[in-house]
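As a plain string of letters, each chain reads:
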Amino acid sequence: MEVLKQKIREQGVVISDQVLKLDALLNHQIDPALTMQMGREFAAKFSEDGVTRIVTVESSGIPVAFAAAVEMGVPLVFARRKKTLLADPDAYCERVPSFTKGIVTDIMVSREFLGPEDRVLFIDDIIANGDAAKGVIKIIERSGAELVGFGVVVEKCFQSGASTLREQGVRVESLAKIKSLSDGKVHFV
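What is the right way to read the packing of helix 1 (residues 2-11) against helix 3 (residues 32-45) from this model?
A pair of packed helices is captured by two measures, namely the crossing angle of their axes and the spacing between those axes. Put simply, helix 1 and helix 3 touch, their axes get as near as 10 Å, and they point 140° apart. Overall, the two elements helix 1 and helix 3 adopt an arrangement that is oblique. Once helix 1 is placed against helix 3, the crossing between them reads as left-handed. Side by side, helix 1 and helix 3 meet where V3, L4 and K7 of the first sit next to L34, Q37 and M38 of the second. Classifying every residue of the contact of helix 1 with helix 3 gives 4 nonpolar, 1 polar and 1 charged.

Looking at this structure, I do not really get the environment of L22. What am I missing?
Here L22 shows up in the loop between strand 2 (20-21) and helix 2 (23-27). Residues L22 and I8, spaced 14 residues apart in sequence, show a C-alpha to C-alpha distance of 7.3 Å. If sequence neighbours within four positions are ignored, L22 has contacts with I8, G12, N27, I126 and V154.

How should I be thinking about unusual backbone geometry in this particular structure?
Backbone geometry follows two general trends: most residues other than glycine have a negative phi, and most peptide bonds adopt the trans configuration. A cis geometry characterises the amide bond from E58 onward to S59, with omega recorded as 5°. Looking at the secondary structure, you find S59 in the loop between strand 3 (53-57) and helix 4 (62-72). At D183, a position not held by glycine, the phi torsion is positive, near 60°. Within the secondary structure, D183 is located in the loop between strand 9 (172-180) and strand 10 (187-188). Overall, D183 belongs to the exposed group, its relative accessible area being 71%.

I tried to follow the side chain of E94 on my own but got confused; where do I start?
In this fold, E94 is placed in strand 5 (residues 92-97). At a separation of 2.6 Å, a polar atom in the side chain of E94 contacts the side chain of R142.

How should I be thinking about the sheet that holds strand 4 (residues 76-79) in this particular structure?
Backbone-to-backbone hydrogen bonds pair the strands of a sheet. The strands run either parallel or antiparallel. Strand order in this open sheet of 6 strands is 4-3-7-8-9-10, and the pairing throughout is mixed. A single partner strand is all that each edge strand has here, and the edge strands are strand 4 and strand 10. Sheet topology places strand 3 next to strand 4; 4 bridges connect them, and they run parallel. Its bridge partner being in strand 4, V55 is matched across the sheet by V77. Strands in contact with helix 4 are strand 3, strand 4, strand 7 (119-127) and strand 8 (146-156); relative to strand 3, the strand with the most contacts, it is inclined by about 175°.

Thresholds applied
- Residues numbered from 1 in each chain as written.
- Predicted model: local features only at pLDDT ≥ 70, side-chain atom pairs only at ≥ 80, totals over all residues.
- Heavy atoms only, no water.
- Axes fitted to C-alpha atoms, helices over the stretch in contact; angles between N-to-C directions.
- Helix = DSSP H or I, 4+ residues; strand = E, 2+ residues; numbered from the N terminus.
- Parallel < 35°, antiparallel > 145°, perpendicular 65-115°, else oblique.
- Left-handed = near helix turned anticlockwise from the far one by under 90°.
- Contact = heavy atoms within 4.5 Å.
- Nonpolar A, V, L, I, M, F, W, Y, C, P; charged D, E, K, R; others polar.
- Buried < 20%, exposed > 50% of the residue type's maximum accessible area, 1.4 Å probe, protein only.
- Polar contact = N/O pair within 3.5 Å; in protein donor to acceptor, adjacent residues only side chain to side chain.
- Pairing = 2+ DSSP bridges.

As structure tokens, then:
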């Protein structure tokens, strides 16, 4: 998606050869027009898959997943990272490390919103090592739902997350693939 690549070049900040800060686009400030465009792109890529529900992880995945859900006319469910007083005590739960946050958190999805009748599209903002993605996929599998694919805005190809999922048979569709962050620049595949 060329417009996304251009925005990443203009507004992304390379922190190190492993970390790209996309706060101006995805993680702190949201570009509504670009977000809706990304949602349409994911909807088109998975239009023939009978998606009944979209799942994401709070919070950075929500805007793009919402845009895709609007386009596809299906509900959006997000895995919570924090338990609330109203949380389903019997929710599907997985412990996952966060590459960028450097912590381990629990992600939870209520059993009320995910079940064997669902065909799920999982959408997220960035995949690095894929730990959060693997956790969400475990939750989807435990629910009995069928994962039709994983849509990710930015794939960091120099980290193993997306390739590991592909090796496990998961269909991964990326809008922008980054080859490296060497020399303080974003190099796309």
